[in-house]
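Understanding the architecture of this molecule
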Amino acid sequence: MKKEVVIVGGGPSGLATSACLNLLSIPNVILEKEDCYNSLWKKRSYDRLKLHLAKEFCNLPHFPHPKSSPTYIPKDAFIKYVDDYVSHFKLNPLCCKYVESASYDEKTKTWRVVSKDTNTGEVDEYIAKFLVVATGENAEGYIPDVPGLETFHGSVLHSSQYKSGSKYKGDAALVVGCGNSGMEIAFDLANFGAETSISVRSAFHVVPKEVIHMGMVLLKYLPLKLVDTVVNLFRGLLYGDLGKYGIYRPKDGPFFLKATTGRSPVIDVGTISKIKSGEIQVLPEIKEIRGSKVVFSDGKSQPFDAIIFSTGYKSTANYWLKDGEHLLNKEGFPKEKFPNQWKGKNGLYFAGLARRGLAGVSMDAQNIANDIKKIFQCCCN
Ligand SMILES: Cc1cc2nc3c(=O)[nH]c(=O)nc-3n(C[C@H](O)[C@H](O)[C@H](O)COP(=O)(O)OP(=O)(O)OC[C@H]3O[C@@H](n4cnc5c(N)ncnc54)[C@H](O)[C@@H]3O)c2cc1C
Ligand SMILES: NC(=O)C1=CN([C@@H]2O[C@H](COP(=O)(O)OP(=O)(O)OC[C@H]3O[C@@H](n4cnc5c(N)ncnc54)[C@H](OP(=O)(O)O)[C@@H]3O)[C@@H](O)[C@H]2O)C=CC1
Ligand SMILES: O=C(O)C(=O)Cc1c[nH]c2ccccc12
């Protein structure tokens with residue numbers, strides 16, 4: 001099948017890019033491997049999830065969140081917002097289309113995209129001038145290779161499979177990893193009456209959402225380092241020194257780290273108060289597993305009924321994008337740094353790989369559509 005633009009991935013990035021292209025009357029198709037679009041939010045996130053950033057920082061292009069919605073939008077309302085986005089822009093993502101490969105043909109100067117229908121096994125081939133990689137930063141859950149994991153007697157899952165703590169009441173549950181997922185899942189488990197522990201490997205920032213909001217607003221007027229100083233001041237006043245609870249702060253500030261490494265500060269949903277009260281136990285790095293016991297880096301061990309690996313995600317763009325090594329690093333992210341990371345070569349684009357959340361998704365979609373429009377006009381005139 002010949003298409004002008006093939007977009008791989010029907011999450012917010014793919015949908016936003018398609019909407020921007022539709023507005024410029026550029027034909028495009030979205031291929032999504034799951035049986036629904038926006039699958040991360042619909043199928044791979046926990047029940048109590050809310051947007052961590054205020055809604056003004058989470059708009060998709062040309063479609064602000066309704067005035068009536070709360071500042072911090074719950075998961076179901078965000079799913080509805082994306083459903084409304086799809087209806088409003090008359091998007092038509094093709095679901096159950098798993099993209100197996102995409103390669104560039106120098107001779108014809110086109111992309112050849114091969115997809116397989118996950119229901120029928122039918123293979124389709126698309127030939128396109130432009131290819132948009134929109135498979136996301138969170139395409140696959142990552143679980144580290146912990147020695148002895150296969151011997152564990154209890155249940156093991158990744159944070160993307162966790163829904164709620166309701167079935168863990170009374171269980172000893174260990175959360176590994178203290179990013180936003182781990183810290184919120186630990187809070188949820190404790191709320192549902194699990195005996196909860198969290199394993200912490202390195203230093204991280206933890207900040208209340210109101211302080212992050214203040215920081216995001218200040219960033220419009222003040223230099224980043226100054227904003228970090230103000231944020232750290234508030235954080236210190238609100239939490240004090242968390243070192244005695246096993247939580248240490250990185251040397252660089254939260255917004256500096258976000259901008260330079262993409263690592264988000266942890267936005268506290270109440271976990272710190274449960275750590276301070278002893279309801280959640282902080283443990284060091286996990287070293288190995290022996291049956292029901294988990295051994296930590298300080299040599300101590302404890303039995304657990306369940307381990308929830310909240311150890312992050314992997315981009316999978318490298319798996320299916322052939323000869324992408326010169327543009328993608330081995331983690332599957334563009335080598336080019338923000339703000340130039342969205343544009344590849346030969347009509348290749350990356351949407352949603354800037355580590356800047358939904359605001360980054362929105363910028364990428366608009367940049368990509370406008371760039372394609374420019375090239376499209378040149379070719380057609
Ligand atoms: C738990 C969680 C909470 C988050 N909360 C926020 C937040 O509050 N604010 C914020 O700004 N950001 C947040 N993020 C960041 C998140 O990355 C964005 O919200 C958003 O979902 C990114 O959209 P995306 O389309 O780039 O990626 P995704 O939503 O991951 O969509 C990618 C799509 O590509 C599909 N796909 C993958 N591989 C293939 C293939 N080979 N063939 C076909 N289809 C494929 C996937 O099935 C998926 O549907 C959160 C992330 C997580 C994990
Ligand atoms: N409501 C919201 O808005 C939410 C947003 N998110 C966002 O989704 C994205 C993914 O978040 P998340 O799922 O938390 O993943 P992250 O990548 O942010 O965090 C992963 C955590 O796992 C740790 N880790 C990784 N490998 C190991 C290992 N081998 N041993 C021990 N610890 C390890 C990391 O520690 P180390 O620093 O040492 O590598 C880190 O603490 C982020 O951008 C996050 O902000 C997530 C949840 C909710
Ligand atoms: O939820 C995330 O991880 C995001 O990437 C959203 C985001 C974009 N910029 C930020 C600055 C501080 C905290 C979160 C974000």
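Above: the structure in question.
Below: a short report on this structure.

Scoring rules and cut-offs
Residues numbered from 1 in each chain as written. Chains lettered and ligands numbered in written order. Predicted model: local features only at pLDDT ≥ 70, side-chain atom pairs only at ≥ 80, totals over all residues. Heavy atoms only, no water. Near = heavy atom within 4 Å. Polar contact = N/O pair within 3.5 Å; in protein donor to acceptor, adjacent residues only side chain to side chain. Areas by Shrake-Rupley, 256 points an atom, 1.4 Å probe, with all protein chains shown as cover. Helix = DSSP H or I, 4+ residues; strand = E, 2+ residues; numbered from the N terminus. Nonpolar A, V, L, I, M, F, W, Y, C, P; charged D, E, K, R; others polar. Buried < 20%, exposed > 50% of the residue type's maximum accessible area, 1.4 Å probe, protein only. Lys, Arg positive; Asp, Glu negative; His and termini not counted. Salt bridge = Lys/Arg side-chain N within 4 Å of Asp/Glu carboxyl O. Contact = heavy atoms within 4.5 Å. Pairing = 2+ DSSP bridges. Axes fitted to C-alpha atoms, helices over the stretch in contact; angles between N-to-C directions. Arc of directions from axis to C-beta.

Details of the site of ligand 1
Close to ligand 1 lie 28 residues; Ser13, Glu32, Ser39, Asn138 and Leu358 are nearest. Between Val99 and ligand 1, the recorded distance is 3.0 Å, taken from a backbone N or O atom to a nitrogen atom. For ligand 1, an oxygen atom lies 2.9 Å from a polar atom in the side chain of Asn138. Coverage of ligand 1 by the protein amounts to 92% of the 990 Å² it exposes when considered alone. When residues of the shell around ligand 1 are traced back to their parent elements, those giving at least two are α1 (12-23), α2 (39-43), β3 (97-105) and α10 (357-380). Taken together, the residues of the shell around ligand 1 break down into 13 nonpolar, 11 polar and 4 charged.

A word on the side chain of Asp188
Tracing the chain through its elements places Asp188 in helix α4 (residues 180-191). With no salt bridge to any partner, buried Asp188 finds its closest opposite charge in Arg48, at an N-O distance of 4.7 Å. Of note is the side chain of Asp188, whose polar atom sits 2.6 Å from the side chain of Tyr162. Leaving out residues up to four positions away in the same chain, Asp188 has contacts with Arg48, Tyr162, Ser164 and Gly165.

Side note on the site of ligand 2
Neighbouring ligand 2 are 19 residues, the closest being Lys50, Ser181, Arg201, Ser202 and Arg263. Protein chains shield 78% of the accessible area of ligand 2, which is 910 Å² for the free molecule. For the shell around ligand 2, the per-class residue count stands at 6 nonpolar, 10 polar and 3 charged.

A word on the sheet that holds strand β12 (residues 280-283)
Across the sheet, which stays open at both edges, the 5 strands sit in the order β7-β16-β8-β9-β12 with parallel pairing between neighbours. Edge strands, defined here as strands with exactly one partner in the open sheet, are β7 (155-158) and β12. Across the sheet, the mean angle separating the axes of adjacent strands is 20° when strand polarity is ignored. Sheet topology places β7 next to strand β16 (residues 306-309); 4 bridges connect them, and they run parallel. Counterpart to Val156 in the pairing with β16 is Ile307.

Brief notes about the side chain of Ser69
Tracing the backbone shows Ser69 in the loop between α2 and α3 (75-88). A distance of 2.8 Å separates the side chain of Ser69 from the backbone oxygen of Pro66, its partner in a polar contact.

Side note on helix α7 (residues 254-261)
Turn by turn, an α-helix covers 3.6 residues, leaving residues three or four places apart pointing in a common direction. Burial in α7 covers these residues: Pro254, Phe255 and Leu257. In an axial view of α7, the angular spread of the buried residues amounts to 160°, which keeps them on one side of the axis. Looking at the buried side of α7, the elements it contacts are α5 (209-218) and α6 (224-239). Positive phi appears at Gly262, one or two residues downstream of α7, with a value of about 85°.

Description of the pattern of salt bridges
In the structure shown here, the tally under the stated rule is 16 salt bridges. In this structure, Glu125 engages Arg112 in a salt bridge whose closest nitrogen and oxygen atoms are separated by 2.8 Å. Of this pair, Glu125 sits in strand β5 (residues 123-133) while Arg112 sits in strand β4 (residues 110-117); the two residues are 13 residues apart in sequence, bridging distant segments of the chain. The class of Glu125 is partly exposed, set by a relative accessible area of 35%.

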